[in-house]
Amino acid sequence: MLRRPVDGLGRVGDHAIFYVRALVGAPVAAWRYRRETLRLIAETSMGAGTLAVIGGTVVIVGFLTLATGGTLAVQGYSSLGNIGIEALTGFLSAFINVRISAPVVAGIGLAATFGAGATAQLGAMRINEEIDALESLGIEPIAYLVGTRIVAGLIAITPLYALAVVASFLASRFTTVFLLGQSAGLYDHYFATFLNPIDLLWSFLQAFLMALTILLIHTYFGFFAAGGPSGVGTAVGNAVRTSLIAVVSVTLLVSLAVYGANGNFNLSG
């Protein structure tokens with residue numbers, strides 16, 4: 001019974017040591033292993049092998065945010081219409097997409113695509129003793145395998161998240177104007193009035209922190225996978241569960257830090 005808290009603290013320490021080593025090795029990896037970093041950037045964005053283009057992170061996140069933006073428009077228009085203020089659907093799009101839905105959906109998409117793929121790749125390399133082979137060749141495996149993936153993911157997240165935000169905006173506008181019949185001018189007026197550029201900057205920061213957290217978690221579980229092919233599957237499952245919790249936790253913490261005091265919001269105009 002007393003071993004459980006000790007073992008738990010030991011695992012937390014293992015995570016912390018690995019994360020520090022990965023972050024320290026990332027700049028070295030970006031410079032020393034440039035070709036591998038570029039390959040991983042392409043793989044992160046568009047996918048690899050048979051999943052290229054149709055199964056990359058860009059496509060998955062794009063579809064997720066399109067669906068989320070459309071759902072937000074439908075729910076917002078119908079709910080606000082019950083009290084006669086459906087004109088504020090544009091406000092909901094500018095407010096909720098930026099602060100909540102786009103960051104969370106992008107984080108989930110990153111965890112389900114690049115994050116899970118990184119865990120599986122590193123886990124397969126671990127059970128096939130390829131990581132041990134790198135060490136025998138004098139190559140630092142954390143820098144080469146983990147650092148390059150962190151750099152690639154952080155480079156890819158900016159255009160990827162920009163696409164996610166734009167897709168959510170377009171889906172909300174298309175659903176409200178073309179499917180539900182609201183005036184385009186009315187929607188654009190309230191959307192432009194309540195779209196705060198500062199909120200967009202905070203949203204990108206939130207996406208950046210989520211991407212970094214997801215990459216660290218998934219590479220840890222893949223790097224230390226054990227138990228053969230079934231162990232790799234277990235590592236992927238554990239990594240996805242942990243990263244999904246991390247996504248909503250980062251959203252909560254950023255919201256408390258940025259909007260907890262005054263909300264950075266003024267319902268006027």
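Reading guide: rules and limits
- Residues numbered from 1 in each chain as written.
- Predicted model: local features only at pLDDT ≥ 70, side-chain atom pairs only at ≥ 80, totals over all residues.
- Heavy atoms only, no water.
- Helix = DSSP H or I, 4+ residues; strand = E, 2+ residues; numbered from the N terminus.
- Buried < 20%, exposed > 50% of the residue type's maximum accessible area, 1.4 Å probe, protein only.
- Contact = heavy atoms within 4.5 Å.
- Lys, Arg positive; Asp, Glu negative; His and termini not counted.
- Charge placed at Lys NZ, Arg CZ, Asp CG, Glu CD.
- Salt bridge = Lys/Arg side-chain N within 4 Å of Asp/Glu carboxyl O.
- Polar contact = N/O pair within 3.5 Å; in protein donor to acceptor, adjacent residues only side chain to side chain.

A few words on the overall build of the protein chain. Of regular secondary structure, the protein chain possesses 9 helices and 0 strands. Ordered by position from the N terminus, the helices and strands of the protein chain form the series α-α-α-α-α-α-α-α-α. The principal-axis extent of the C-alpha atoms belonging to the protein chain is close to 70 × 45 × 35 Å. The burial tally for the protein chain puts 45% of its 269 residues in the buried class. In the protein chain, the share of contacts with a sequence separation of at least 24, taken over all contacts with a separation of at least 6, comes to 82%. Positive and negative side-chain charges of the protein chain, numbering 13 and 12 respectively, have mean locations separated by a distance of 2 Å.

This next bit is on the pattern of salt bridges. Evaluated as defined, the whole model comprises 5 salt bridges. D199 serves as the salt-bridge partner of R99, at 3.1 Å between the closest nitrogen and oxygen. Of the two residues, R99 is situated in helix α4 (residues 89–127) and D199 in helix α8 (residues 197–223); the sequence distance between them amounts to 100 residues. D199 sits in the buried class, given a relative accessible area of 5%.

Glancing now at the side chain of E36. Among the secondary structure elements, E36 is positioned in helix α2 (residues 34–46). Among the residues examined, E36 registers a relative accessible area of 13% and is labelled buried. For E36, the side chain forms a polar contact with the side chain of R39, separated by 2.7 Å.

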